[in-house]
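Analysis of the macromolecular model
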Amino acid sequence: MDYKELLSDVDPELLFANLEELNQVTLSFVTSLFSTMEDLLLGHTPSLDFISVLTKHFKGNLCQSHQIYCLTYTSAIFYLEKLKKREDFGTYLKWCERNKECKRLHLAEMLVAPLHKLTRYPLLLKNIWKNTDAAEKVIINSLKEKVETSIRDLEGKVKWLDNFQKFKQLQEIIIWPSLWDQDKRHFVPEVCNFLINTENKIVSFLIYLYHGSPFICSAESMRFTDVYLFLFDDLLLITKPNRYKKKFDLSLTPACSFFSLELQSLLEEGGNCIVLGQPIPLDRMMVKNIDSFHITALGLRNAFLIQHENRYQQCIGAYLLQAQTEVSKILSYSSLTLHGIVH
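Residues numbered from 1 in each chain as written. Predicted model: local features only at pLDDT ≥ 70, side-chain atom pairs only at ≥ 80, totals over all residues. Heavy atoms only, no water.

By the naming in an unreviewed UniProt entry, the protein chain goes by Pleckstrin homology and RhoGEF domain containing G7 and is assigned to Pseudonaja textilis.

Comments concerning the pattern of salt bridges
As a reminder of what qualifies: Should a side-chain nitrogen of Lys or Arg be within 4 Å of a carboxyl oxygen of Asp or Glu, the pair is scored as a salt bridge. We call a residue buried when its accessible area falls under 20% of the maximum for its residue type, exposed when it is over 50%, and partly exposed in between, using a 1.4 Å probe and counting protein chains only.
Taken as a whole and judged by the stated rule, the model has four salt bridges. With a closest N to O distance of 2.9 Å, R86 and D88 form a salt bridge. Look at R86 and you get partly exposed, because its relative accessible area is 23%. Residue classification places D88 among the partly exposed positions, given a relative accessible area of 37%.

Some points on the environment of D291
Counted only if it meets this: Here a strand is any run of E in DSSP of at least two residues, a helix any run of H or I of at least four, and the numbering for each starts at the N terminus.
Summarising the element assignment, D291 is placed in the loop between β8 (285-289) and α12 (292-298). Each C-alpha atom, one on D291 and one on A303, is 8.9 Å from the other, the two residues being twelve residues apart in sequence.

Looking at unusual backbone geometry
Despite not being glycine, K103 shows a phi value in the positive range, around 55°. Summarising the element assignment, K103 is placed in the loop between α6 (87-97) and α7 (107-111). Judged by its relative accessible area of 68%, K103 is exposed.

So, helix α5 (residues 62-84)
Inclusion rule: One less than the number of residues in a helix, times 1.5 Å, gives the span that helix is expected to have. Axes are fitted to the seven residues ending at a residue and to the seven starting at it; the angle between these axes is taken as the bend at that residue.
Spanning 23 residues, α5 covers 31 Å between terminal C-alpha atoms, matching the ideal 33 Å at 1.5 Å per step. In α5, a bend of some 45° at Y73 exceeds every other bend along the element.

Details of the nonpolar core
We count it as follows: What we call a nonpolar core is a set of buried Ala, Val, Leu, Ile, Met, Phe, Trp, Tyr and Cys residues that are connected through their side-chain atoms within 4.5 Å. Residue contacts follow a heavy-atom distance rule, with two residues in contact if any of their heavy atoms lie within 4.5 Å.
With 19 residues, the main nonpolar core has F29, L54, F58, Y121, L125 and V147 as its most contacted residues. Contributions of two or more residues to this core are made by α3 (19-41), α4 (47-58), α5, α8 (113-130) and α9 (134-173). If you tally residues by element for this core, the top one is α9, at five residues. In this view, L125 contacts L54, F58, I140, L143, K144 and V147; residues no more than four positions away in its chain are not counted.

Thoughts on a nonpolar patch on the surface
This is how the line gets drawn: Candidate patch residues must exceed 30% relative accessible area and have no salt bridge, after which like charges are joined if within 9 Å and Val, Leu, Ile, Met, Phe, Trp or Tyr side chains if within 5 Å. Surface exposure here means Shrake-Rupley accessible area, sampled with a 1.4 Å probe, where a residue is shielded only by the protein chains that are shown.
Nonpolar side chains collect at one region of the surface, where V30, F34 and M37 lie side by side and expose about 260 Å² of accessible area between them. In this structure, V30 sits in helix α3. Of the residues examined, V30 reaches a relative accessible area of 34% and is grouped as partly exposed.

A short note on the packing of aromatic side chains
For the record, the criterion: Only Phe, Tyr and Trp rings take part, Trp by its six-membered ring, and two of them pair if their centres are within 6.5 Å. Stacked means planes under 30 degrees apart, edge-to-face means over 60, and tilted covers everything else. Put simply, a charge is over a ring when the Lys NZ or the Arg CZ is close to the ring centre, within 6 Å, and near the line of the ring normal, within 35 degrees.
The full count for this structure, using the stated rule, is five aromatic pairs. For the ring pair F29 and Y121, a centre distance of 6.1 Å and an interplane angle of 90° mean the geometry is edge-to-face. Here F29, found in helix α3, pairs with Y121, found in helix α8; they are 92 residues apart in sequence, far enough to count as distant. Look at F29 and you get buried, because its relative accessible area is 2%. For Y121, a relative accessible area of 5% corresponds to the buried category. Three or more aromatic residues joined by ring pairs make a cluster, and in this case those are F29, F58 and Y121. Against the face of W129 rests K137, its NZ or CZ located 4.1 Å from the ring centre.

Some details on the packing of α3 against α5
Rules: To obtain each axis, a line is fitted to C-alpha atoms, and for helices this fit is confined to the stretch in contact; angles are then taken between N-to-C directions over 0 to 180 degrees. Reported orientations rely on four angle classes, namely roughly parallel under 35 degrees, roughly antiparallel over 145, roughly perpendicular from 65 to 115, and oblique for the rest. Here a crossing is taken to be left-handed if its near helix is turned anticlockwise relative to the far helix by less than a right angle, and right-handed if that turn runs clockwise.
Direction vectors running N to C along α3 and α5 enclose 155°, while the axes themselves pass 9 Å from each other. Judged on the interaxial angle alone, α5 and α3 are roughly antiparallel. Handedness of the α3/α5 crossing: left-handed. Residues L19, E21, L22, V25, T26 and F29 of α3 touch α5, and the partners they reach there are L62, S65, H66 and Y69.

Concerning the pairing of strand β10 (residues 315-322)
Defined as follows: Two strands form a pair only when DSSP identifies at least two bridges running between them.
Bridge analysis of strand β9 (residues 303-309) against β10 gives seven bridges, and the strand direction is antiparallel. Pairing of H308 across the sheet is with G317, part of β10. The turn joining β9 and β10, which pair antiparallel and follow one another in sequence, is formed by five residues; a positive phi near 65° is taken by Q313.

Some details on the side chain of N302
Which entries qualify depends on this criterion: We define a polar contact as two N or O atoms separated by no more than 3.5 Å, with the added condition that, inside protein, one atom must be a possible hydrogen donor and the other a possible acceptor, whereas residues neighbouring each other in sequence contribute only through side-chain atom pairs.
Tracing the backbone shows N302 in the loop between α12 and β9. Given the relative accessible area of 14%, N302 is considered buried. From its side chain, N302 meets the backbone nitrogen of E326 in a polar contact 3.5 Å long. Filtering out sequence-adjacent residues up to four positions away, N302 remains in contact with L321, Q322, A323, Q324, T325, E326 and K329.

Here is the structure:
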């Protein structure tokens, strides 16, 4: 039986992206390069033909094809991990990887190879530059700079895409309480509700850090609740887990790979995270360590305090947090103090 009949729902384009095109472009480059080098060594062709081969490919589709592949690599790896959970695909994959042509490499290791190859092109051009005439050095150096610029641009695109995927995932799982749920004192006649913008969104884009492990936060009269902290480029969100509300399909967004096991488990159970209080701007956030005396007196371990101040330096919110371990506290406290105000 043809394997396609068994794995008809597997999307090859999602798994391999433009790998076939990339192989053709790379093969064409290597074939032309070695053929021209052979002719050059035998004296059948001038060195100018060798330079023209480099120019043709490095100013053509070689770098572009690599960029397309690299931008879809993260999604492909996440899709592969999802497929490997299936018994039929896992069995077929193991059978394929036993083939001697795989050279004992797993599919994930082969998929990452084109990324490594792109980063080696500047080294290849540098070695060629060392063994060429002065007039040719200018052209080859220009090509090397072009490839290095392409790699830097790609790194920026990959970072942007990764942040965008995380941003989309967070928009799905973070729930903002309504104005009336946050403060019962607010009253607006129902007929005027349409005038109020009740749709809260994360406007910060770059995510510098995500605290995957839950903390314990004091609520009322030393009652504690589990919380998750999300640190962005300009604000901190403190959220509490809310279970059994909405089922999320984590397979749709590869960004969920940056979530901790605890949070992934929460989402798989249908939970989400509700914002606790107001977002804390980093320039209005004070981070305070809890000294050993108060730790002993209050029975607190691995604790620190986050204070929210308004523009008039008035305290409008305070959160006493306990990390699960001393190491977790040190890492979290260091990250927060790096962006906030230490007291």
